[in-house]
Amino acid sequence: MIKIATIAGSDASGGAGLEADLKTFEEYGLYGMAAVTVIATMDPDNNWAHKVFPTDEAALRAQLETVFKGVGVSAAKSGMLGTFYAVELAREYLTAHKVANYVLDPVMVCKGAGEALNPELNSAVAEKLLPLAEVVTPNLFEAEQLSGLGGIDSPEKMKEAARIIGGKGARYVFIKGGAKLPNQSRALDLLYDGKDFTTLEDDLVKTSWNHGAGCTSSAAIAAGLARGLSVPAAVSLAKKFITQSLKAGFPLNRWVGPGNPSAWRSGNLFS
Ligand code: PXL
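1. Here's the deal with the overall build of the protein
Now for step 1: If you tally the helices and strands in the protein, you get eight helices and nine strands.
Now for step 2: Taken over C-alpha atoms, the radius of gyration comes to 17 Å for the protein, in line with the 18 Å a tight globule of 271 residues would show.
Now for step 3: When the backbone C-alpha atoms are referred to their principal axes, the protein occupies close to 50 × 50 × 40 Å.
Now for step 4: Put simply, the protein has 271 residues, and 51% of those count as buried.
Now for step 5: Partitioning the intrachain contacts of the protein with sequence separation of at least 6 by distance along the chain shows that 68% fall at a separation of at least 24.
Now for step 6: Just so you have it, the protein exposes about 11800 Å², and 52% of that area is on carbon and sulfur atoms.
Now for step 7: Of the side chains in the protein, 26 bear a positive and 28 a negative charge, and the two mean positions are spaced by 4 Å.

2. So, the sheet that holds strand E1 (residues 3-11)
Now for step 1: Spatially, nine strands are ordered E3-E2-E1-E4-E5-E6-E7-E8-E9 in an open sheet, and the strand pairing comes out mixed. In the strand order of this sheet, the two ends are held by strand E3 (49-54) and strand E9 (197-203), each with one partner.
Now for step 2: Summarising the sheet, strand E7 (residues 172-176) and strand E8 (residues 186-192) pair through four bridges and their orientation is antiparallel. Bridging across to E8, Val173 finds its partner in Tyr192.

3. Let's talk about the environment of Arg186
Now for step 1: Residue placement: Arg186 occurs in strand E8.
Now for step 2: In this structure the C-alpha to C-alpha distance between Arg186 and Pro155, which are 31 residues apart in sequence, comes to 12 Å.
Now for step 3: Once residues lying within four places of it in the same chain are set aside, the contact partners of Arg186 are Gly178, Glu201, Asp202, Asp203 and Leu204.
Now for step 4: Here the side chain of Arg186 touches Glu201 through a polar contact of 3.3 Å, side chain to side chain.

4. Structural notes on the pattern of salt bridges
Now for step 1: Tallied over the entire structure, the rule returns 12 salt bridges.
Now for step 2: Each of Arg186, Glu201, Asp203 and Lys247 takes part in one network of salt bridges that share partners.

5. Side note on the pairing of strand E2 (residues 31-43)
The side chains of a regular strand alternate, first on one face of the sheet and then on the other.
Now for step 1: Bridge analysis of E1 against E2 gives eight bridges, and the strand direction is parallel. Counted as the bridge partner of Thr6 is Ala34 from E2.
Now for step 2: Of the strand pairs in this sheet, E2 and E3 are connected by six bridges, and their pairing is antiparallel. Residue Ile39 lies in a different strand from E3, and its bridge partner there is Phe53.
Now for step 3: Between E2 and E3, which pair antiparallel one after the other, the connecting turn spans five residues, and Asn47 there sits at a positive phi close to 55°.

6. Digging into helix H3 (residues 84-96)
Now for step 1: With 13 residues, H3 extends 18 Å from end C-alpha to end C-alpha; this agrees with the ideal 18 Å at 1.5 Å per step.
Now for step 2: Listed as buried for H3 are Ala86, Val87, Leu89, Ala90, Tyr93 and Leu94.
Now for step 3: Buried residues in H3 make contact with E1, E2, helix H2 (57-71), strand E4 (75-78), strand E5 (102-104) and helix H4 (119-129).
Now for step 4: Positive backbone phi, approximately 45°, marks Lys98, located one or two places after H3.

So, how was this worked out
Residues numbered from 1 in each chain as written. Predicted model: local features only at pLDDT ≥ 70, side-chain atom pairs only at ≥ 80, totals over all residues. Heavy atoms only, no water. Helix = DSSP H or I, 4+ residues; strand = E, 2+ residues; numbered from the N terminus. Rg over C-alpha atoms; globule rule 2.2 N^0.38 Å. Buried < 20%, exposed > 50% of the residue type's maximum accessible area, 1.4 Å probe, protein only. Contact = heavy atoms within 4.5 Å. Areas by Shrake-Rupley, 256 points an atom, 1.4 Å probe, with all protein chains shown as cover. Lys, Arg positive; Asp, Glu negative; His and termini not counted. Charge placed at Lys NZ, Arg CZ, Asp CG, Glu CD. Pairing = 2+ DSSP bridges. Polar contact = N/O pair within 3.5 Å; in protein donor to acceptor, adjacent residues only side chain to side chain. Salt bridge = Lys/Arg side-chain N within 4 Å of Asp/Glu carboxyl O. Expected span 1.5 Å × (residues − 1).

Written out as structure tokens, the structure reads:
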């Protein structure tokens, strides 16, 4: 069995975070493990307001010890880290255990949580983890934060941002325009390998039930790498996977709905 790990937050509602990651790993036929950085909860009596409870440092270190030293992985991803010590510990373990297939999802905001998480923490993620990443997977907002460019609203600006982010150390930069670019008829993402750009297009899925899309997409890329795919092949398969997942999104309640990572089984992921 091929092993893979996520260093991420738990989303108690199950659509994002490590829950989305583990569901995705399962669909790829992998053995998934998780080191929990924070626990995110949502309040049904207060408009689904998010709260984030960090795991304490010793508990996080012990989990990383279990996963990376005790077992070992073919690939890993990180999601919401939540604290400076989680950033440091992720760096320490990914480096010490020479995890080559590391996918950095620079989670800066939860859909529904509104404002960006701590900007200084975002800088620490960029400084400490970008240089380790085989692939970094920002959405447009995160690409703006990582590149320092404002208003990324076109494929040209996405390219400019990708060059800057690539310059900070990630081998591949995958910027997810998704459904967020103005006047688009297709969901458009961009992959940059340090030299060339590849544009990836698929059906534009207009849905509110897209909670966890970023987590699922980066988990699928890491899963593809764990299975031995090249980065371009893993990204392209992940794009098909997330499109299927979003087409099958569904509501959990009046506030939120996730995609469905098992949707490809009745779709055409591999065709
Ligand atoms: O979708 C971003 C995200 C990542 N990780 C956790 C989350 C969320 C959003 O809710 O809860 C744990």
